[in-house]
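These are the residues of each chain, in order.
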Amino acid sequence: SLNEDGNFRPVRLSHANVTFTAAAANAMATVNKTDRVLCLLPLSQISEQMLAYHCPMRSGCAVFFPTDPNQRMSPELLHTLLTDVRPAVFCSVGRSFEKMIGGVNPKLMAKTSSKFGRWALKKGRGGVSRFEEGKSKPRGFGYARAHLFRKIRIDMGLDYCKFCAVWGPCGDEVYDFMLGTGIV
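Conventions we followed
Residues numbered from 1 in each chain as written. Predicted model: local features only at pLDDT ≥ 70, side-chain atom pairs only at ≥ 80, totals over all residues. Heavy atoms only, no water. Pairing = 2+ DSSP bridges. Helix = DSSP H or I, 4+ residues; strand = E, 2+ residues; numbered from the N terminus. Axes fitted to C-alpha atoms, helices over the stretch in contact; angles between N-to-C directions. Contact = heavy atoms within 4.5 Å. Salt bridge = Lys/Arg side-chain N within 4 Å of Asp/Glu carboxyl O. Buried < 20%, exposed > 50% of the residue type's maximum accessible area, 1.4 Å probe, protein only. Phe/Tyr/Trp six-rings, centres within 6.5 Å; stacked < 30°, edge-to-face > 60°. Lys, Arg positive; Asp, Glu negative; His and termini not counted. Polar contact = N/O pair within 3.5 Å; in protein donor to acceptor, adjacent residues only side chain to side chain. Parallel < 35°, antiparallel > 145°, perpendicular 65-115°, else oblique. Left-handed = near helix turned anticlockwise from the far one by under 90°. Nonpolar A, V, L, I, M, F, W, Y, C, P; charged D, E, K, R; others polar. 1 Å grid on protein atoms, 1.4 Å probe; cavity = no way out; pocket = protein on both sides within 12 Å on 5 of 7 lines; lining within 4 Å. Points joined across faces, edges and corners; volume = space filled by probe spheres on them. Right-handed = clockwise from strand over helix to strand, strands pointing away.

*Asks:* Just checking my understanding: could you explain the sheet that holds strand β1 (residues 36–39) for this structure?
*Replies:* Neighbouring strands of a sheet are bound in pairs by backbone hydrogen bonds; such pairs are parallel or else antiparallel. Pairing is parallel across the open sheet formed by four strands, whose spatial order is β2-β1-β3-β4. Of all strands in the sheet, those with a lone pairing partner are β2 (62–64) and β4 (163–167), marking the two edges. Taken over all neighbouring pairs, the strand axes of this sheet differ in orientation by 20° on average, direction set aside. Here β1 pairs with β2 via three bridges, running parallel. From the neighbouring strand, leucine 38 faces β2, where its bridge partner is phenylalanine 64. The strands touched by helix α2 (residues 46–59) within the sheet are β1, β2, β3 (89–93) and β4, with β1 carrying the most contacts at an inclination of about 150°. Of the strands in this sheet, β3 and β4 are in contact with helix α4 (residues 94–102), which crosses β3 at around 110°.

Here you go:
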């Protein structure tokens, strides 16, 4: 956490705090031993530590790291990594999500700007907001998921993704696309 003068100060986490938080995160994402986690952020960040270290240790799932963590992730390399791993839990910064969207098959991206695509993205955004409110998904959401969202998720390598989070700032178009296709 930050002091008043803007410097970081260490925070002590107890064993009980870490295990409780890992259990809560596992319950939220319903991660089990057959799932995979892709770790792209540094493990010095507590959020990545929790999602790529403590939660998998509690659930027994596999954790994947890039072969060279210092290498710059090109859209092609990120796409290859995601389609090879097919993670159930994926967290990264907004730039990675921009690269992921840039790597989607152009034919699928063209469908998102068609009349059907605009309708489906609207249903997707409505489905996420209704889910957050604890309500059922809107009429037509299942059709949109089957005919567009599922294809985009498969192409992005996020077809098994249960929990997807963006850390830090993210552009509105990225946020809108991820919510619209039901990737949250």
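The discussion continues.
*Asks:* Could you clarify how one ought to interpret the pattern of salt bridges in this entry?
*Replies:* A side chain of one charge can pair with a side chain of the opposite charge when the charged atoms of the two come close. Per the counting criterion, the structure on display carries four salt bridges. A salt bridge links aspartate 176 to arginine 125; the shortest N-O distance between them is 3.3 Å. With aspartate 176 in helix α8 (residues 172–180) and arginine 125 in helix α6 (residues 115–132), this residue pair connects regions lying 51 residues apart in the sequence. Measuring nitrogen to oxygen at the nearest pair gives 3.3 Å for the salt bridge that ties glutamate 133 to lysine 135. Residue classification places glutamate 133 among the exposed residues on the basis of a relative accessible area of 52%. Taking relative accessible area as the criterion, lysine 135 reaches 48% and is therefore assigned partly exposed.

*Asks:* Before we go on, may I ask you to explain the packing of aromatic side chains in this structure?
*Replies:* Two measures describe an aromatic ring pair: the distance that separates the ring centres and the angle between the ring planes. Scanning the entire structure with this criterion turns up five aromatic pairs. Feature note: the residues Phe116, Trp119 and Tyr143 constitute an aromatic cluster, connected by ring pairs.

*Asks:* Looking at this structure, how should I read the side chain of aspartate 155?
*Replies:* Relative to the assigned elements, aspartate 155 resides in helix α7 (residues 141–156). Among buried Asp, Glu, Lys and Arg side chains, aspartate 155 stands out as unpaired, with arginine 86 the closest opposite charge at 7.7 Å. Within the local environment of aspartate 155, its side chain forms a polar contact with the backbone nitrogen of asparagine 105, the two atoms lying 2.7 Å apart. Not counting residues within four places of it along the chain, the set of residues in contact with aspartate 155 comprises His79, Thr83, Gly103, Val104, Asn105 and Leu108.

*Asks:* Quick question: what am I supposed to make of the packing of α6 against α7 here?
*Replies:* The packing of two helices is summarised by the inter-axis angle and the distance between the axes. Running from amino to carboxyl end, α6 crosses α7 at an angle of 120°, the nearest separation of the two axes being 9 Å. When the interaxial angle is binned, α6 and α7 end up oblique. Between α6 and α7 lies a crossing of left-handed hand. Where α6 approaches α7, its residues Phe116, Gly117, Trp119, Ala120, Leu121, Lys123, Gly124 and Gly127 are matched on the opposing element by Phe141, Tyr143, Ala144, His147, Leu148 and Phe149. Looking at the contact of α6 with α7, its residues break down into nine nonpolar, four polar and one charged.

*Asks:* Which parts of the structure should I look at to understand empty space enclosed by the protein?
*Replies:* Any empty space left between atoms is shown by rolling a water-sized probe over those atoms. By the definition in use, this model includes one cavity of 30 Å³ or more. If you go around the largest cavity, the residues you meet are Ala25, Met28, Ala29, Val31, Val37, Leu51, Cys55, Val89 and Phe163. Elements that contribute at least two residues to the lining of the largest cavity include exactly α1 (15–29) and α2. A per-element tally of the lining of the largest cavity places α1 first, with three residues. Residue composition of the lining of the largest cavity, by class: nine nonpolar, no polar and no charged.

*Asks:* Before we go on, may I ask you to explain the pairing of β1 in this structure?
*Replies:* Within a regular beta strand, the side chains point alternately toward one face of the sheet and then the other, so they alternate between its two faces. Crossover handedness for the path β1 to α2 to β2: right-handed. Pairing of β1 with β3 involves three bridges; the strand directions are parallel. Across the sheet, the residue bridging to leucine 38 is phenylalanine 90, located in β3.

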